[in-house]
Each structure stands twice: as structure tokens, then as C-alpha cells.
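Observations on the model geometry
Residue-level listing of the chains:
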Amino acid sequence: MNKKAQPAKTKRKNGADPATAYDLIMDAIVTQKLAPSQKVSENILTEMFDISRTTARNIMEQLTAQQFLVSVSPRITRVAPLTLLDVKQNFAMRKMLQPDIFAMAASQVDYNQFVKLNEAISHKEPINDDAMALKLLKANKRFNLYMAQQVRYPLLIHWIRQLEDTTMRIYWLYVKIKHVLPYALEHQRALLEAVKKDQSAEIRDQTHKILSVCEERVLDAIFMHDRLYTQDLRLPSAAEARAAH
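What you see is a predicted model; the values in this text were computed from it and never measured.

1. Looking at the overall build of the protein chain
The secondary structure content of the protein chain amounts to eleven helices and three strands. Element order for the protein chain, N to C, with α for helix and β for strand: α-α-β-α-α-β-β-α-α-α-α-α-α-α. The proportion of buried residues among the 245 residues of the protein chain is 44%. Of all intrachain contacts in the protein chain linking residues separated by at least 6 positions in sequence, the fraction that spans at least 24 positions is 73%. Total accessible area computed for the protein chain in this model is approximately 13,600 Å², and 53% of it derives from carbon and sulfur atoms.

2. Brief notes about the packing of helix α2 (residues 18-30) against helix α8 (residues 154-178)
For the pair α2 and α8, the least separation of the axes is 9 Å and the interaxial angle reads 40 degrees. Judged by the inter-axis angle, α2 sits oblique to α8. Residue-level contacts link Y22, M26, I29 and V30 of α2 to D165, M168, R169 and W172 of α8. Each residue belonging to the contact of α2 with α8 can be placed in one class, and the counts come to six nonpolar, no polar and two charged.

3. Quick notes on the sheet that holds strand β1 (residues 39-40)
Taken in spatial order, the three strands line up as β1-β3-β2 in an open sheet, and their pairing is antiparallel. Sheet topology places β1 and β2 (69-73) at the edges, where each strand pairs with a single neighbour. Strand direction decides the pairing type here: β2 and strand β3 (residues 76-79), joined by four bridges, are antiparallel. Residue pairing in the sheet places V70 in a bridge with R78 of β3.

4. Observations regarding the nonpolar core
Within soluble globular proteins, side chains that are nonpolar tend to cluster in buried spots. Among the nonpolar cores identified, the biggest contains 70 residues, and I25, I29, L34 and L63 are the most heavily contacted of them. With twelve residues, α8 is the single largest residue contributor to this core. Lining this core are residues from two domains, each supplying at least three of them: domain 1 (18-79) and domain 2 (84-224). Excluding anything up to four places from it in sequence, L34 contacts I25, A28, I29, V40, L45, M48, F49 and V79.

5. Side note on the packing of α2 against helix α4 (residues 53-65)
Between α2 and α4, the least distance of the axes is 10 Å, while the angle of their chain directions is 55 degrees. Judged by the inter-axis angle, α2 sits oblique to α4. In this structure, α2 crosses over α4, and the sense of that crossing is right-handed. On α4, the residues touching P18, A21, Y22, I25, M26 and I29 of α2 are T55, I59, Q62 and L63. Its residues assigned to classes, the contact of α2 with α4 comprises eight nonpolar, two polar and no charged.

6. Considerations on unusual backbone geometry
We note that Q67 has phi near 70 degrees; this positive angle belongs to a residue other than glycine. Within the secondary structure, Q67 sits in the loop between α4 and β2. Here Q67 falls in the exposed class, since its relative accessible area comes to 59%. You will see that D198, though not glycine, has its phi angle at about 55 degrees, which is positive. Checked against the element boundaries, D198 lands in the loop between α9 (185-197) and α10 (200-224).

7. Describing the confidence of the model for the protein chain
Across the protein chain, the average pLDDT comes to 90, with 89% of residues at or above 70. Considering each helix and strand of the protein chain separately, the mean pLDDT is smallest for helix α1 (residues 2-14), with a value of 44, and largest for helix α7 (residues 130-151), with 97. Low pLDDT, under 50, characterises residues 1-13; the predicted model gives this stretch four contacts beyond four residues in sequence or across chains.

8. Quick word on the pattern of salt bridges
Under the definition given, this model contains nine salt bridges. Notably, a salt bridge pairs R53 with E42, separated by 3.1 Å at the nearest N-O pair. With R53 in helix α4 and E42 in helix α3 (residues 42-49), the pair connects residues that are eleven residues apart, well separated along the chain. Take R53: its relative accessible area is 39%, and that puts it in the partly exposed class. For E42, a relative accessible area of 19% translates into the label buried.

Rules of the game
Residues numbered from 1 in each chain as written. Predicted model: local features only at pLDDT ≥ 70, side-chain atom pairs only at ≥ 80, totals over all residues. Heavy atoms only, no water. Helix = DSSP H or I, 4+ residues; strand = E, 2+ residues; numbered from the N terminus. Buried < 20%, exposed > 50% of the residue type's maximum accessible area, 1.4 Å probe, protein only. Contact = heavy atoms within 4.5 Å. Areas by Shrake-Rupley, 256 points an atom, 1.4 Å probe, with all protein chains shown as cover. Axes fitted to C-alpha atoms, helices over the stretch in contact; angles between N-to-C directions. Parallel < 35°, antiparallel > 145°, perpendicular 65-115°, else oblique. Nonpolar A, V, L, I, M, F, W, Y, C, P; charged D, E, K, R; others polar. Pairing = 2+ DSSP bridges. Core = buried A, V, L, I, M, F, W, Y, C linked by side-chain atoms within 4.5 Å. Domains from an automatic or database assignment. Left-handed = near helix turned anticlockwise from the far one by under 90°. pLDDT = per-residue confidence, 0-100. Salt bridge = Lys/Arg side-chain N within 4 Å of Asp/Glu carboxyl O.

Here is the structure:
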């Protein structure tokens, strides 16, 4: 009986493959199941995500290199803080990069694929479900990453992927507060038309407008939300929310 039980135990301990485990942990950082500044360790990740210690260790090293985890001391690692400076820096960098990326990529895109990716984020109903919120944020990441991939600069793609993961952390706050995505659909439609016609100046203009509207809406939501923490932009836990009422 012991021999029969062993394979099941090994399977449970190893859990998800490394790529899937990475996505699960990144999702937890985005959705604040692993909250900003929360302590993490190999043991915590192993228990939370049913993965091996080796997988947990490798992912911690990867996320630390990408600055989604921060090593405070040799024995303490925390989820990277999320602050107003991080929000402003993220938007500033995307405003510098994204308009030119979209303009450069326009002539290379499969327009039908571009439209399909845009449709995946054209959600008009209130977003009250966490699973739907995460699905839409991932769709938005795919949309922007697709454009970077058409430029075919590997280092640029790496930067954009990291920026988009941080963008998901930021937009998660907005969706949880406002129950909608932060961008204006009319600017998305104008961008589609500009890409179709390969109008570089208009593409840059519409991309910048989209980012500017998103930045204004996100910052307004943060400043108006009296339960967001001043140092870390951490939404209250369920227990904290209940206590507030």
C-alpha cells in the first residue's frame, strides 16, 4: 500500500510545471493575493501553489531579477512595493516607448489579428468578477506585447513584457475600484483606423492619448480611494474591508 501511495504524493508535491507555476505566482502578485511588501519564501510558495522547492526557488530568483520580488536581507524576500512613483514611472516609460513601437509595427501587423486582440479588451459591461478582470488584463498585455513583437527587437520585447506585468498590477487597482478598464474605447477605435491606414503620426497621437487618459483615470481613482495605503498601493483585505464597515 505504501508503494501505491508514493506516486500520488510525488505528483502532489511537484504540482504545476515551472512555466505554469510562474504564471500562477505572477497572477497572485497582480491580484494582490501576494500583496505588495508581503513576505515570501520557498516554503510559502511551495504551500500556496503546490510546487516543488526547486521550482519555487528558481521562480523567486527570476522574479527578483525582474524586480517583482525584493531581497531585503539574505533571509527575507518580499513582494515588490507598489507606490505612486511606480505608477508614474510606468506611465512615463510607456509614453516614451509605446507610441513609437505602434508606429513602427503598423506595417508589419496582421490586421485581422490586431482587430481580434483589440476585441478581446473591448469590454463594456461592469467587471465584478476577479477572474474576468484578470482575463481582460492579460488580454491587454497580449495586445501591447503583440505590437512590440512585430518590431522584432528582443531586448525591447523583454522590456515591454516587464512593463506590461507592472501595468497589470496598476490596472488591477483601477478595475477593483471602478469595475471598468481605464482606457477610452473611442481612442481604441481611432487607433485601429490609424493602424489600418499605417498613419504613423496619427498612431503615435492616439497611442499617447490612450496612455494619458489611463494615467489620469488611474491616479484620480487612487487619490479618491480612502482605503488605499499611502506607502504601498494595497487594497484592503476582505477582513479589513469588513472591519471598516
